[in-house]
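Now for the letters of each chain:
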Amino acid sequence: MRSLTFIIRFQTAQFKLHFQKLARRTYLIPPPSAVAGIFGAILGVSRSDLKRFCKEQNILTGAELRNLEGYYVTLSRILKFDRDDKSVIKLLKEWLLREPKGKRTLSDVYRDILGLYPLKESEELFKPEYKFAIAGRDQIIKEGLRRIRDLDFKYDIFGGNDYHFVDYIGDACEAFLIKSREGRGYCPVEDVQGISAQEYNIITNTNYLSKNPTNLPLVIFAPIGPEMKSFMFVYKTNIITKSEKIAVQDRESTIFIFDPCRCLVP
């Protein structure tokens, strides 16, 4: 088994929570299945063949968020509005800012918002930069290193959808496969003992990020995979686990990695 890391930055990205439809929430960091999918695209592995590939090549994946320049929510509706565009924009501002005008209450605004349905709400990340960590059989890691260094990709790479484009990809290097109780990226909540930061924000909803920009470390929770297993995602801090976990370590980072097959949704 060998391992590698590389940097990837997207102009925009959305790694959608798989169980949501109309409201498209995004993971802060692409889960193991998404990282495996991008690595597979580089190597020419189709989506339908990804699970078999990961099993045969003993693929383990993870990622850390290195930088995030913004977060935004888009609202859209295909059907024709039953009011003029100015009143719709005013209503949406009232709802997003939670600031009803005049004698109106949030309940009044919510009732009017319901009248606009079907309304599609979509969270997206602006210029997120990640370090991906991947382990697998020697030959497949060697081939991955070559393709990333040469930018020799079989399929195009996107940040979740084909309208989220890559801004930069590179700095591929071979790394060490280790066991550690401290690392970055994400980890099942049941395995977490704590984090290394003394000051941090615990976020239960990514919508917080659009209204409260902060330089403090972030901790966000979200379910992953068909079993809806709760994971902790961190930014600008390390996770401390109850016992040693498999991780990939390079000169800068230690990143926890996981079996992507357990996160793939049928």
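This text goes with the structure placed above it.
Quick look at the structure, then. (Residues numbered from 1 in each chain as written. Predicted model: local features only at pLDDT ≥ 70, side-chain atom pairs only at ≥ 80, totals over all residues. Heavy atoms only, no water.)

Side note on the overall build of the chain
Move 1: Check the secondary structure of the chain and you find six helices and 15 strands.
Move 2: Residues classed as buried in the chain amount to 48% of the 266 residues present.
Move 3: When contacts within the chain are restricted to residue pairs at least 6 apart in sequence, long-range pairs at least 24 apart make up 80% of them.
Move 4: A total accessible area of about 13,900 Å² is found for the chain, and carbon and sulfur atoms account for 49% of it. (Helix = DSSP H or I, 4+ residues; strand = E, 2+ residues; numbered from the N terminus. Buried < 20%, exposed > 50% of the residue type's maximum accessible area, 1.4 Å probe, protein only. Contact = heavy atoms within 4.5 Å. Areas by Shrake-Rupley, 256 points an atom, 1.4 Å probe, with all protein chains shown as cover.)

Digging into the environment of E244
Move 1: Among the secondary structure elements, E244 is positioned in strand β14 (residues 239-249).
Move 2: Residues within four places of E244 in sequence aside, it is in contact with K179, S180 and R181.

Side note on unusual backbone geometry
Leaving glycine out, the prevailing phi sign among residues is negative, and the prevailing peptide bond configuration is trans.
Move 1: Although it is not a glycine, N58 sits at a positive phi angle of roughly 55°.
Move 2: Checked against the element boundaries, N58 lands in the loop between α2 (50-56) and β4 (60-67).
Move 3: Given a relative accessible area of 34%, N58 falls into the partly exposed group.
Move 4: Within the chain, R98 stands out as a residue other than glycine whose phi angle is a positive 55°.

Comments concerning the packing of aromatic side chains
Move 1: Scanning the model with the defined rule gives 11 aromatic pairs in all.
Move 2: Judged by centre distance (6.2 Å) and plane angle (55°), the ring pair of F158 and F165 falls under tilted.
Move 3: Classification of F158 as partly exposed rests on a relative accessible area of 28%.
Move 4: Overall, the relative accessible area of 43% leaves F165 in the partly exposed class.
Move 5: Taken together, a centroid distance of 5.7 Å and an interplanar angle of 75° make the contact between F231 and F258 edge-to-face. One end of the pair, F231, is in strand β13 (residues 229-235); the other, F258, is in the segment after β15 (254-256), and 27 residues separate them in sequence.
Move 6: Classification of F231 by relative accessible area gives buried; the value is 5%.
Move 7: Residue F258 is classed as buried on the basis of its relative accessible area of 14%. (Phe/Tyr/Trp six-rings, centres within 6.5 Å; stacked < 30°, edge-to-face > 60°.)

A look at helix α1 (residues 32-43)
Move 1: Relative to the 16 Å expected for 12 residues at 1.5 Å per residue, α1 spans 17 Å between its end C-alpha atoms, a close match to the ideal helical length.
Move 2: The element α1 is largely enclosed, with a buried count of 10 among its 12 residues.
Move 3: Taken residue by residue, α1 has P32, S33, V35, A36, I38, F39, G40, A41, I42 and L43 as its buried positions.
Move 4: Positive backbone phi, at 95°, marks G44, one or two positions downstream of α1. (Expected span 1.5 Å × (residues − 1).)

Describing the nonpolar core
Move 1: F6, I8 and Y130 are the most contacted members of the largest nonpolar core, which has 59 residues in total.
Move 2: Examining the composition of this core, we find that seven residues originate from one element, α1, more than from any other.
Move 3: In contact with F6, not counting residues within four places along its chain, are I42, Y130, K131, F132, I134, I148, I169, G170, D171 and A172.
Move 4: The next biggest cluster of nonpolar side chains, apart from the first, holds seven residues, and it includes L60, A133, A135 and A175. (Core = buried A, V, L, I, M, F, W, Y, C linked by side-chain atoms within 4.5 Å.)

Observations regarding the packing of α1 against helix α5 (residues 138-150)
Move 1: Running from N to C, α1 and α5 point in directions that differ by 75°, and their axes come no closer than 10 Å. As judged from the angle between their axes, α1 and α5 are roughly perpendicular. The residues of α5 that touch α1, namely those facing F39, I42 and L43, are I140, E143, G144, R147 and I148.
Move 2: Per-class residue counts for the contact of α1 with α5 are five nonpolar, one polar and two charged. (Axes fitted to C-alpha atoms, helices over the stretch in contact; angles between N-to-C directions. Parallel < 35°, antiparallel > 145°, perpendicular 65-115°, else oblique. Nonpolar A, V, L, I, M, F, W, Y, C, P; charged D, E, K, R; others polar.)

Considering a nonpolar patch on the surface
Move 1: A cluster of nonpolar side chains, M1, L177 and I246, forms an exposed patch at the surface whose accessible area comes to about 250 Å².
Move 2: Judged by relative accessible area, which is 47%, M1 ranks as partly exposed. (Patch = residues over 30% accessible without salt bridge, like charges linked within 9 Å, V, L, I, M, F, W, Y side chains within 5 Å. Salt bridge = Lys/Arg side-chain N within 4 Å of Asp/Glu carboxyl O.)

Describing α5
Move 1: When the terminal C-alpha atoms of α5 are compared, their 19 Å separation across 13 residues agrees well with the 18 Å that a helix rising 1.5 Å per residue should span.
Move 2: Regarding α5, the residues found buried are I140, I141, G144, L145, R147 and I148.
Move 3: Elements in contact with the buried residues of α5: β1 (2-10), α1, α2, β7 (129-136) and β8 (166-183).

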